[in-house]
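Coordinate analysis (summary)
Below, each chain spelled out in residue letters.
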Amino acid sequence: MKTFNVPVIYRSPLISAIKNQRKQQDRMKKDFTPTELDFGPLRILLARHFGFCYGVENAIEIAFKTVDENPDKRIFLLSEMIHNPHVNNDLLDRGVQFIMDTSGNQLVPWESLQPDDIVIIPAFGTTLETEQQLASLGIEPLKYNTTCPFVERVWNKADQIGKKNYTVIVHGKPKHEETRATFSHSASGTPTIVVKDIKEAALLAEFITGQRKPDEFNALFKGQYSPGFNPATDLQRVGVVNQTTMLATETQAIADYIRQVMMTHFQLTEATAGERFADTRDTLCYATNDNQTAVTGMLQESADLAIVVGGYNSSNTSHLVELCEEKLPTYFISSPEKMLSAKAINHWDFHHKEEINAGSFLPEKEKVTILLTSGASCPDALVEGVIRRLLSFYQLEHKADEMAIID
Ligand code: SF4
């Protein structure tokens, strides 16, 4: 896979050494067991895959290069570059301005933009409406485009099935930048609706089967369907695509469920299912798959707790947390400093969207085992920082330096 020129501050010699070693040993990415870092009283099990993905590295490379090459121009990002506060703050420090916040609220008025301004499209992509808005201001919308190719692949899949008269069901968070972009692209060619989880999929199924009257549809799916969507006629042939960072197992469950509903309602067989349900299995992103499978592999080991590092608004990171939480106490932190001491940690409760303070998070026992991973937008330097900080609670910081030299 292509390598990118990412600022060295985001890299970690320790983590790079570990990742390279694992890569050499497992070129086909078949082994999802974690890497064991045994420091005596502290044992860290590091996920097989974590950290910056292709799309994030691509976006960072383009954004920083654009800043370096255009010192005399005003540079804007449509919204957050990726969902990581460290990277976003570094760009803000270099004078980049964000036009919208992550929910799509305007921070910089469109009318203040000039034709010679640079506007960078983030890794999530953007809506066709925003592209038109930029073009109307005399700004070439796709000149500085960091949209991830794996997101574009989803748009292409939606386009392909739309052309075959299937309605597109997007499994995603309705307000997430990527889902809004996917929705916009898909809705330009075919009726499209967003479902955020299996519950909403079940609700949609009641319109497919006619259990619910079409006039209930508007209220139940407000803001989540394309203009003119008619549940009576637009749910006859469907396909499911996803926001690339959703829980892979949940997307699969939704697709399987909707497929079964279509088969039962329209009395289809395995051979004829394709008449009403499009096969879209390949829209899951490789990084989401690898990172989630690595967490599943890591969770086979017994441990005392899990730490997941990433931006609090990062969708893919929250899903890693969700997986860990099912099995053991889990702390979602955005930086090593959130571990205030061995007896106090501030961590993000993504269910209630608030940072909470937990007391003693490290159990008092002879050997503590911690599972550690991070999201696809988290710099490896932060994961190294977490390892070093944990070691400091055991007066073992020097062990990290020794490890970095080993490779
Ligand atoms: S998580 Fe996947 S789709 Fe999203 S930016 Fe990374 S590689 Fe692209």
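The text that follows walks through the structure, step by step, so that each part is easy to find. (Residues numbered from 1 in each chain as written. Predicted model: local features only at pLDDT ≥ 70, side-chain atom pairs only at ≥ 80, totals over all residues. Heavy atoms only, no water.)

A word on the overall build of the protein chain. Regarding its fold elements, the protein chain presents 13 helices and 16 strands. By the compact-globule yardstick of 22 Å for 407 residues, the protein chain fits well, its C-alpha radius of gyration being 23 Å. Looking at the protein chain residue by residue over its 407 residues, the buried ones come to 56%. Excluding contacts between residues fewer than 6 apart, the proportion of contacts in the protein chain whose partners are at least 24 apart in sequence is 69%. Just so you have it, the protein chain exposes about 18300 Å², and 50% of that area is on carbon and sulfur atoms. For the protein chain, the separation between the mean place of its 40 positive charges and that of its 53 negative charges on side chains is 4 Å. (Helix = DSSP H or I, 4+ residues; strand = E, 2+ residues; numbered from the N terminus. Rg over C-alpha atoms; globule rule 2.2 N^0.38 Å. Buried < 20%, exposed > 50% of the residue type's maximum accessible area, 1.4 Å probe, protein only. Contact = heavy atoms within 4.5 Å. Areas by Shrake-Rupley, 256 points an atom, 1.4 Å probe, with all protein chains shown as cover. Lys, Arg positive; Asp, Glu negative; His and termini not counted. Charge placed at Lys NZ, Arg CZ, Asp CG, Glu CD.)

Rolled over the atoms, a probe with the dimensions of a water molecule shows which regions are left empty. Scanning all chains against the criterion turns up three cavities of 30 Å³ or more. One number sums up the size of the largest cavity: a volume of about 280 Å³. Considering the residues around the largest cavity, the lining is formed by 24 residues, among which Cys53, Val56, Glu178, Thr245 and Asn316 are closest to the centre. Looking at the lining of the largest cavity residue by residue, the class counts come to 13 nonpolar, 10 polar and one charged. Approximately 40 Å³ is the volume attributed to the second largest cavity. Forming the boundary of the second largest cavity are Ile18, Lys19, Arg22, Thr35, Leu46, Ala47, Arg48 and Phe50. In terms of residues, the lining of the second largest cavity owes the most to one element, helix 1 (residues 13–25), which gives three residues. Here the lining of the second largest cavity is composed, by residue class, of four nonpolar, one polar and three charged. (1 Å grid on protein atoms, 1.4 Å probe; cavity = no way out; pocket = protein on both sides within 12 Å on 5 of 7 lines; lining within 4 Å. Points joined across faces, edges and corners; volume = space filled by probe spheres on them. Nonpolar A, V, L, I, M, F, W, Y, C, P; charged D, E, K, R; others polar.)

Further remarks concern the packing of aromatic side chains. Using the criterion set out here, one finds 15 aromatic pairs in the structure. Ring plane angle 85 degrees and centroid distance 5.1 Å describe the contact between Phe4 and Tyr54, whose orientation is recorded as edge-to-face. Separated by 50 residues along the polypeptide, Phe4 in the segment before helix 1 and Tyr54 in helix 2 (residues 54–69) bring together distant segments of the chain. Residue Phe4 is classed as buried on the basis of its relative accessible area, which comes to 8%. (Phe/Tyr/Trp six-rings, centres within 6.5 Å; stacked < 30°, edge-to-face > 60°.)

In this section: the side chain of Asp290. With respect to the secondary-structure elements, Asp290 resides in helix 10 (residues 286–298). Classification of Asp290 as buried rests on a relative accessible area of 12%. Setting aside chain neighbours within four positions, we find Asp290 in contact with Lys29, Phe32 and His49.

Counting residues in each nonpolar core, the largest one holds 53 residues, and the members touching the most others are Phe39, Ile307, Met339, Phe361, Leu372, Ile387 and Leu390. If one sorts the elements of this core by residue count, helix 12 (residues 380–392) sits on top with six residues. Not counting chain neighbours up to four residues away, the residues in contact with Leu390 comprise Leu42, Ile44, Ile307, Met339, Phe361, Leu362 and Ile370. (Core = buried A, V, L, I, M, F, W, Y, C linked by side-chain atoms within 4.5 Å.)

Each pocket or cavity is described by its volume, and for the largest pocket that value is around 890 Å³. Among the elements of the structure, helix 1, helix 2 and helix 10 are those that each provide at least two residues to the lining of the largest pocket. Its residues assigned to classes, the lining of the largest pocket comprises 10 nonpolar, six polar and 11 charged. Its residues assigned to classes, the lining of the second largest pocket shows five nonpolar, 10 polar and eight charged.

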